[in-house]
Number of protein chains: 2
Amino acid sequence: MVATFIGNIEARLDEKGRMFIPAVYRKILAAEQSTRVVMRRDTENECLVIYPEQVWNKRVEQLGEELDEWNPDDQMLMMQFVADAEYLEPDSQGRILLQKRNLQQIGATGDLLIVGMMNRFAIWDKQTFLNKKIGQREFAEQLRKRMSKKSF
Amino acid sequence: MVATFIGNIEARLDEKGRMFIPAVYRKILAAEQSTRVVMRRDTENECLVIYPEQVWNKRVEQLGEELDEWNPDDQMLMMQFVADAEYLEPDSQGRILLQKRNLQQIGATGDLLIVGMMNRFAIWDKQTFLNKKIGQREFAEQLRKRMSKKSF
DNA sequence: CTCATATTCCCCACATTGCACCACATTTTA
DNA sequence: TAAAATGTGGTGCAATGTGGGGAATATGAG
């Protein structure tokens, strides 16, 4: 049975800007034979998204084939999407090194929060995420609306 | 014939925060080949819901794929749903370890109550559940209204 | 181009804690 | 009443998270 990235884990940066990947997540990566990951700033939110290499490849490999047939504007869009991405390889302790510019992108001040997103996961500034999170009651209500057909 | 989670069982935490899964429930999990379970705070009530891994997967498996096409608000909603969930693996004695933050979420003070919910089950603070429970007469009445078509 | 300074990436070491394991009490079943 | 299954408690070790030294590499100033 394949596990997915769920849950949220607090994390901190050491003085060198390194952040550990939680053991639970590391196991999933190992199972997918993705030691390497791809990171890019999220398009919608103030966070960094990390894809297992496999997932990333699946997502963009067809796009590469089709790229020539696209119109210039769309090509530019895709170029920008790819340009912001980078490979990361965890060190022997399972940590990844975050650049200053990456941390600036998510307004990271102190503590971080690693948030599972099923087939990938995100890195948030802890406070930013908590501010964004809606209250329990409102959450339930919106979810009820969204999932009016299916119940969770 | 697949058994479902029914009934209610009292449970306590030891000093380490471990709670046993009742033998009846363990048997159901074993039958579903789910040793691992997924736990998350219930959206509607002050309790923790535990899904056999299979049941959880069935609910959310396509969501990861489709997520990209959703609008940002719904994405955020789903992220929050997933972020609050976590895998739990019972130890060899069939116990699961509950974190302090989980217990806070349900206002657990002393005794707990494990309550079956058909394909999943919930952990309540015993007193909270008993307070929430309505009297026998009122219960019958509401049930009659609700199930006016189907008979139990 | 050269040197100084910062960044990246190897290591090794160690504190902490989750978890496997063992032991036994208690309850249920035969 | 014996035997099996279930629930309870505690110990110890390996896995995980954390820190830092120092070599290799990049960056930037003069």
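Residues numbered from 1 in each chain as written. Chains lettered and ligands numbered in written order. Predicted model: local features only at pLDDT ≥ 70, side-chain atom pairs only at ≥ 80, totals over all residues. Heavy atoms only, no water.

A. Representation of the protein's contact with DNA strand D within the structure. Of all residues adjacent to DNA strand D, which total 24 residues, the nearest are Glu15(A), Lys16(A), Arg26(A), Glu15(B) and Arg26(B). Sugar plus phosphate: this is where 44% of the atoms of DNA strand D within 4 Å of the protein reside. One nitrogen or oxygen atom from the side chain of Lys16(B) is found 2.7 Å from a base oxygen belonging to DNA strand D. Between a base oxygen of DNA strand D and a side-chain N or O atom of Gln93(B), the distance comes to 3.2 Å. Looking at the surface near DNA strand D, the elements with two or more residues in it are strand E2 (18-20) and helix H1 (23-31) of chain A together with strand E2 (18-20) and helix H1 (23-31) of chain B. For the surface near DNA strand D, the class distribution of residues is seven nonpolar, two polar and 15 charged. (Near = heavy atom within 4 Å. Polar contact = N/O pair within 3.5 Å; in protein donor to acceptor, adjacent residues only side chain to side chain. Helix = DSSP H or I, 4+ residues; strand = E, 2+ residues; numbered from the N terminus. Nonpolar A, V, L, I, M, F, W, Y, C, P; charged D, E, K, R; others polar.)

B. Seen up close, the pairing of strand E5 (residues 85-88) of chain B. Residue and element names in this part refer to chain B. On E5, burial covers both faces: Ala-85 and Tyr-87 on one face and Glu-86 and Leu-88 on the other are all buried. Alignment of strand E3 (residues 37-41) against E5, held across four bridges, turns out to be antiparallel. Residue Val-37 lies in a different strand from E5, and its bridge partner there is Leu-88. (Buried < 20%, exposed > 50% of the residue type's maximum accessible area, 1.4 Å probe, protein only. Pairing = 2+ DSSP bridges.)

C. The arrangement of the sheet that holds strand E3 (residues 37-41) of chain A in detail. Strand order in this open sheet of six strands is E1-E7-E8-E4-E3-E5 (chain A), and the pairing throughout is antiparallel. The open sheet has two edge strands, strand E1 (8-11) and strand E5 (86-88) of chain A, and neither has a second partner. Along the sheet, successive strands turn relative to each other by an average axial angle of 30 degrees, direction set aside. Pairing of E3(A) with E5(A), which is carried by three bridges, proceeds in the antiparallel orientation. By the bridge assignment for E5(A), Val38(A) is matched with Tyr87(A). Against the sheet, H1(A) engages E1, E3, strand E4 (48-52), strand E7 (112-116) and strand E8 (121-125) of chain A, with an angle of about 45 degrees to E7(A). Set on the sheet, helix H4 (residues 72-83) of chain B makes contact with E1, E7 and E8 of chain A; between it and E7(A) the angle comes to about 95 degrees. (Axes fitted to C-alpha atoms, helices over the stretch in contact; angles between N-to-C directions. Contact = heavy atoms within 4.5 Å.)

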